[in-house]
Amino acid sequence: MLDIKSISKTFNPGTVNEKKALDCVSLHLNEGESVAVIGGNGAGKSTLMNAVAGTWYVDEGNITLDGVDITYLPEHKRAKYIGRVFQDPMMGTAATMQIEENLALALRRGQNRTLRGGITKAEREQFRELLKTLDLGLEDRMTTKVGLLSGGQRQALTLLMASLVKPKLLLLDEHTAALDPKTAAKVMAVTRTIVNRDKLTTLMITHNMRDAIEYGDRLIMLYEGRIVLDIAGEEKQKLAVEDLLKRFGQATGSDEADDKLLLS
């Protein structure tokens, strides 16, 4: 489904601020596979996510999605195939538009995105049923401006919008990092429901080691722009945070593994 082959990315090349963010990274995701990506600050997580999304192009290597080479496809064209939920709850929705209007725009992904024809009765009922699955009471507030929602409500709505038209790939870019623990847990529960229900191929970046262990089929760890751990199946199910820190130290030879704040 998603094939990332030997991609590299260097920022500010040839300057004192040169930074190699990705160093010949290769990764394959099968259809329906959910993968969590963790690593410390500067490990390359966001660069990997942005390379897949098309926010910037890689210097070397290629990225293929469902058999189509998207390496140099512009970001707005990739959006037809890729759903994304950002860390900032203010991104991914139109604050001045109503909940149902945001959902209608999401429903028209890959088409001419306008509301010129209005929202049909059937669409409105579809939105109501989908919002019920969030268990946030938003089905009774469909004409509320999105800017009036809490961060957790908005993030849950963004998740629903990103998956409304089933994407070939769902990108979750630290989508609970800006939320309080209780709200983050709620959004993660909604995430699991949607991903499992629709069997979405998912790449989730997180700083939370417990979430990385608990959610998804597979866990990838980045360090200095390289994949240093790739854990799946029964091995992943038996992991604890302490085990992961130990494995990180063994893979990198870094004493930073003793610092639980590095990946927490």
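Residues numbered from 1 in each chain as written. Predicted model: local features only at pLDDT ≥ 70, side-chain atom pairs only at ≥ 80, totals over all residues. Heavy atoms only, no water.

### Section: the nonpolar core
At step 1: If you look at the biggest cluster of nonpolar residues, it comprises 47 residues, and the most contacted ones within it are Ile99, Leu103, Phe127, Leu131, Leu157 and Leu244.
At step 2: Sorting elements by how many residues they give to this core places helix H5 (residues 151-164) first, with 7 residues.
At step 3: For Leu131, the residues in contact, after removing those within four places along its chain, are Ile99, Leu103, Leu138, Glu139, Met142, Leu157 and Leu160.
At step 4: Counting 27 residues, the second largest nonpolar core, distinct from the first, contains Met1, Leu2, Leu27 and Val37. (Core = buried A, V, L, I, M, F, W, Y, C linked by side-chain atoms within 4.5 Å. Buried < 20%, exposed > 50% of the residue type's maximum accessible area, 1.4 Å probe, protein only. Helix = DSSP H or I, 4+ residues; strand = E, 2+ residues; numbered from the N terminus. Contact = heavy atoms within 4.5 Å.)

### With respect to the sheet that holds strand E6 (residues 82-85)
At step 1: Sheet architecture is open: 6 strands sit in the order E6-E7-E8-E3-E9-E10, paired in mixed fashion. Of all the strands in the sheet, the pair left with one neighbour each is E6 and strand E10 (226-232). Along the sheet, successive strands turn relative to each other by an average axial angle of 20°, direction set aside.
At step 2: As paired strands, strand E7 (residues 169-173) and strand E8 (residues 202-205) are joined by 4 bridges and run parallel to one another. Within the sheet, the bridge partner assigned to Leu170 lies in E8 and is Thr202.
At step 3: Across the sheet, helix H1 (residues 45-53) touches strand E3 (34-38), E6, E7, E8 and strand E9 (218-223), and the angle it forms with E7 is around 145°. (Pairing = 2+ DSSP bridges. Axes fitted to C-alpha atoms, helices over the stretch in contact; angles between N-to-C directions.)

### Topic: unusual backbone geometry
At step 1: In this structure, Asp66 takes a positive phi of about 55° despite not being glycine.
At step 2: In this structure, Glu224 takes a positive phi of about 50° despite not being glycine.
At step 3: Looking at the element boundaries, Glu224 is found in the loop between E9 and E10.
At step 4: Using a relative accessible area of 47% as the deciding quantity, one classes Glu224 as partly exposed.

### Thoughts on the packing of helix H4 (residues 121-132) against H5
At step 1: In contact at an axis separation of 11 Å, H4 and H5 are set at 125° when each is read in the N-to-C sense. The orientation of H4 with respect to H5, classified from their angle, is oblique. The crossing of H4 and H5 is right-handed. Residues Gln126, Phe127, Leu130 and Leu131 of H4 lie in contact with H5, whose contacting residues are Leu157, Leu160 and Leu164.
At step 2: Residue composition of the contact of H4 with H5, grouped by class: 6 nonpolar, 1 polar and no charged. (Parallel < 35°, antiparallel > 145°, perpendicular 65-115°, else oblique. Left-handed = near helix turned anticlockwise from the far one by under 90°. Nonpolar A, V, L, I, M, F, W, Y, C, P; charged D, E, K, R; others polar.)

In short, the description is geometric, and any link to function would need to be established separately.
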